[in-house]
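Residue-level structural notes
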Amino acid sequence: MKAIQVIFLALLSALAINAQVIRPGKCPQPAVQENFDTARYLGKWYEIQRLPHAFQYGDCSTATYSLQSPGVVGVFNRELLADGTINSISGSATAKDASEPAKLLVSFFENAPPSPYWVLSTDYDNYSLVYSCTDVGLLHVDFAWIMSRQPTLPEETLKELQNKLDSIGVTVDKLLTTNQDAAYCSTTSQ
């Protein structure tokens, strides 16, 4: 039993060091986008804000979704790191249950378990609000992204999406704003 406690504390410490957003209790189960249309969601999205996490730390972040095969969405994420290099990763996403197509599972590594990718809200043409959560014992780790089809998003829309996150208990004051300045991000479009 003592070994489990040590492992749990080590994991918790690692998450805290990496500025993850850790909350008490199990993951919330928020409502997702009704009648989600995967085909309309495909294409390029610009990250506007996100919660901090260990696997993403650059700016000019984009996510591009494409149809890989029936029921499988290709995922291609890019970001510009502080040293000027471009970091990218490819993966795939599938709906666990066809009756809830907005609840996707995304995988980036062959032997790693998939992670939830829940589209809470989107109008397909302007904004998307994505939430993910991982239970860690008696705690959970929140992940959230506010994205746009353009490098900017109207302040009113941003506030509406932040309010939706707040309503499910997400710590919105921890959201980081992603630099999408055209001049700064010009190297990512080459």
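This section reports on the structure supplied with the text. (Residues numbered from 1 in each chain as written. Predicted model: local features only at pLDDT ≥ 70, side-chain atom pairs only at ≥ 80, totals over all residues. Heavy atoms only, no water.)

1. Quick look at the state of the cysteines
Taken as a whole and assessed by the stated rule, the structure comprises 2 disulfides. The partner cysteine of Cys27 in its disulfide is Cys133, sulfur to sulfur 2.1 Å. Disulfide Cys27-Cys133: torsion about the S-S bond near -90 degrees, hence left-handed. Of this pair, Cys27 sits in the loop between β1 (21-24) and α2 (38-41) while Cys133 sits in strand β8 (residues 127-136), placing them 106 residues apart in sequence. Pair check on accessibility: Cys27 and Cys133 agree, each one buried. With its sulfur 2.1 Å from that of its partner, Cys60 forms a disulfide with Cys185. Where Cys60 bonds to Cys185 through sulfur, the torsion about that S-S bond is close to -85 degrees, and the disulfide is left-handed. Of this pair, Cys60 sits in strand β3 (residues 59-69) while Cys185 sits in the segment after β10 (176-177); the two residues are 125 residues apart in sequence, bridging distant segments of the chain. Taken individually, Cys60 and Cys185 each receive the classification buried, so the pair is uniform in this respect. (Disulfide = S-S within 2.5 Å. Helix = DSSP H or I, 4+ residues; strand = E, 2+ residues; numbered from the N terminus. Buried < 20%, exposed > 50% of the residue type's maximum accessible area, 1.4 Å probe, protein only.)

2. Examining the packing of aromatic side chains
Per the stated rule, a full pass over the model turns up 6 aromatic pairs. Taken together through their ring pairs, the aromatic side chains of Phe36, Tyr41, Trp45, Tyr65, Tyr117 and Tyr124 make up a single cluster. Sitting over the ring of Trp118, Lys103 keeps its end group 4.3 Å from the ring centre. (Phe/Tyr/Trp six-rings, centres within 6.5 Å; stacked < 30°, edge-to-face > 60°. Lys NZ or Arg CZ within 6 Å of the ring centre and 35° of its normal.)

3. Brief notes about unusual backbone geometry
A positive phi is found at Asn35, a non-glycine position, where the angle reads about 50 degrees. If you trace the backbone, Asn35 turns up in the loop between β1 and α2. The exposure class assigned to Asn35 is exposed, which follows from its relative accessible area of 72%. You will see that Cys60, though not glycine, has its phi angle at about 55 degrees, which is positive. Residue classification places Cys60 among the buried residues on the basis of a relative accessible area of 1%.

4. Some points on the pattern of salt bridges
Under the definition given, this model contains 3 salt bridges. Between Glu47 and Arg50 there is a salt bridge, with the nearest N and O atoms lying 3.4 Å from each other. Across the pair, Arg50 and Glu47 agree in class, each one buried. In this structure, the salt-bridge partner of Lys103 is Glu100, at a minimum N-O distance of 3.3 Å. (Salt bridge = Lys/Arg side-chain N within 4 Å of Asp/Glu carboxyl O.)

5. Focus on the side chain of Glu79
With respect to the secondary-structure elements, Glu79 resides in strand β4 (residues 72-80). The buried charged residue Glu79 lacks any salt bridge partner; its closest oppositely charged side chain belongs to Arg50, at an N-O distance of 5.5 Å. Of the polar contacts made by the side chain of Glu79, one reaches the backbone nitrogen of Tyr57; its length is 3.2 Å. A polar atom in the side chain of Glu79 sits 2.8 Å from the side chain of Asn87. In contact with Glu79, other than residues within four places in its own chain, are Phe55, Gln56, Tyr57, Gly58, Asp59, Cys60, Ser61, Thr85, Ile86 and Asn87. (Lys, Arg positive; Asp, Glu negative; His and termini not counted. Polar contact = N/O pair within 3.5 Å; in protein donor to acceptor, adjacent residues only side chain to side chain. Contact = heavy atoms within 4.5 Å.)

6. Quick word on helix α3 (residues 155-167)
Because the α-helix completes a turn every 3.6 residues, residues three or four places apart line up on one side. In this model, α3 (13 residues) spans 18 Å end to end at C-alpha, consistent with the 18 Å of a helix rising 1.5 Å per residue. Elements that come into contact with the buried residues of α3 comprise β2 (43-50), β7 (115-122), β8 and β9 (139-148). Positive backbone phi, approximately 95 degrees, marks Gly169, located one or two places after α3. (Expected span 1.5 Å × (residues − 1).)

7. Considering the nonpolar core
Among the nonpolar cores identified, the biggest contains 39 residues, and Tyr41, Tyr65, Tyr117, Ile146, Met147 and Leu165 are the most heavily contacted of them. Among the secondary structure elements, those contributing two or more residues to this core are β2, β3, β4, β6 (103-107), β7, β8, β9 and α3. With sequence-adjacent residues up to four places away left out, Tyr41 is seen in contact with Phe36, Tyr65, Tyr117, Val119, Thr122, Tyr124, Ser128, Val130, Met147 and Arg149. (Core = buried A, V, L, I, M, F, W, Y, C linked by side-chain atoms within 4.5 Å.)

Taken by themselves, the reported measurements are silent on function.
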